[in-house]
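Topology and contacts: notes
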Amino acid sequence: MLISITGTPGVGKTAVAMELTKRGYKVRSLTDVAKEYSCIMDEEDGEYVVDVEKLSRIKIDGIVEGHLSHYLSADKVIVLRCNPLIVKTRLENRGWDYEKIMDNVEAELLDVILIEALEMEREVYEIDTTDKSVEEIANAVEDIIRGKFTEKYRPGKIDWLTELQDRLEEVVRL
Ligand code: ADP
Ligand code: MG
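Residues numbered from 1 in each chain as written. Chains lettered and ligands numbered in written order. Predicted model: local features only at pLDDT ≥ 70, side-chain atom pairs only at ≥ 80, totals over all residues. Heavy atoms only, no water.

Here's the deal with the nonpolar core
Judged by nonpolar contacts, the single largest core of 31 residues is most densely connected at Leu-20, Ile-63, Ile-78, Leu-80, Ile-127 and Val-141. Every element with two or more residues in this core is listed here: strand S1 (2-6), helix H1 (13-22), strand S6 (76-81), helix H4 (84-93), helix H5 (98-109), strand S7 (123-128) and helix H7 (134-145). Here this core takes six residues from H7, the largest share from any one element. When residues no more than four places from it in sequence are discounted, the contact partners of Ile-63 are Ile-3, Ile-5, Leu-20, Tyr-25, Lys-26, Val-27, Arg-28 and Ile-145. Counting 20 residues, the second-largest nonpolar core is a separate cluster that includes Cys-39, Val-50, Ile-58 and Leu-114. (Core = buried A, V, L, I, M, F, W, Y, C linked by side-chain atoms within 4.5 Å. Buried < 20%, exposed > 50% of the residue type's maximum accessible area, 1.4 Å probe, protein only. Helix = DSSP H or I, 4+ residues; strand = E, 2+ residues; numbered from the N terminus. Contact = heavy atoms within 4.5 Å.)

Structure, rendered in structure tokens:
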């Protein structure tokens with residue numbers, strides 16, 4: 001079985017991957033997988049350009065995390081979500097430039113990765129990580145892997161636009 005853990009940069013994919021590794025799961029980064037299977041087409045400003053079509057043809061088992069991991073042929077795709085205001089603070093802490101931060105904050109606000117994941121027509125689940133500890137998120141991932149409480153993680157329940165309607169000027173470029 002292949003599980004992918006995806007989501008906008010800053011939502012906490014790597015933190016959850018580390019917790020799952022501690023619990024004995026074998027978790028790989030999408031970048032490592034893309035390198036191993038020669039899916040890196042180019043490198044621009046220190047970021048890899050990945051052949052996502054080629055990714056979808058890789059046959060592997062295990063858990064893979066990364067913001068492109070929903071392009072793998074995963075049995076279950078887990079989209080981590082996080083309040084865009086928090087994503088913004090976390091990306092600011094990475095020292096990224098304003099445009100790159102807002103590209104990602106707006107993407108989280110508008111469900112971009114969730115929609116991409118749904119378009120792959122796989123089993124998609126969503127976890128709202130806002131106000132959850134890394135341990136709690138890892139518990140939720142384990143629930144999904146074991147097929148428990150699947151209704152709770154059914155996608156479509158998160159609506160940042162409504163939740164942040166009074167603070168939109170902070171999460172979109174006007
Ligand atoms: P991603 O891999 O999705 O880009 P990271 O795992 O690197 O995100 O997390 C971004 C930052 O947020 C890190 O500093 C991390 O320690 C912090 N973080 C991640 N998840 C949580 C959480 N559940 N609670 C508090 N801080 C978190
Ligand atoms: Mg990461």
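A look at the site of ligand 1
The environment of ligand 1 is made up of 14 residues, and the closest members are Gly-10, Lys-13, Thr-14, Ala-15 and Arg-94. Separating an oxygen atom of ligand 1 from a backbone N or O atom of Ala-15 is a distance of 2.8 Å. Arg-90 is positioned with one of its side-chain polar atoms (N or O) 3.1 Å from an oxygen atom of ligand 1. Considered on its own, ligand 1 offers 550 Å² of accessible surface; in the complex 64% of this is hidden by protein. Looking at the shell around ligand 1, the elements that each hand over two or more residues are H1 and H7. No other element matches the three residues that H1 contributes to the shell around ligand 1. (Near = heavy atom within 4 Å. Polar contact = N/O pair within 3.5 Å; in protein donor to acceptor, adjacent residues only side chain to side chain. Areas by Shrake-Rupley, 256 points an atom, 1.4 Å probe, with all protein chains shown as cover.)

Structural notes on a nonpolar patch on the surface
Among the surface-exposed residues, Leu-110, Val-112 and Leu-161 lie close enough to one another that they form a single nonpolar patch of about 230 Å² accessible area. By secondary structure assignment, the location of Val-112 is in helix H6 (residues 112-119). A relative accessible area of 32% means that Val-112 is categorised as partly exposed. (Patch = residues over 30% accessible without salt bridge, like charges linked within 9 Å, V, L, I, M, F, W, Y side chains within 5 Å. Salt bridge = Lys/Arg side-chain N within 4 Å of Asp/Glu carboxyl O.)

Describing the pattern of salt bridges
Applying the stated criterion across every chain yields a total of 17 salt bridges. Across the salt bridge formed by Arg-173 and Glu-106, the nearest N and O atoms sit 3.0 Å from each other. With Arg-173 in the segment after helix H9 (168-171) and Glu-106 in helix H5, this residue pair connects regions lying 67 residues apart in the sequence. One salt bridge connects Glu-151 with Arg-154, and the closest N-O pair in it is separated by 2.9 Å. Glu-151 sits in the partly exposed class, given a relative accessible area of 46%. Taking relative accessible area as the criterion, Arg-154 reaches 44% and is therefore assigned partly exposed. The structure contains a network of salt bridges with shared partners spanning Glu-19, Lys-22, Arg-23, Glu-142 and Arg-146.

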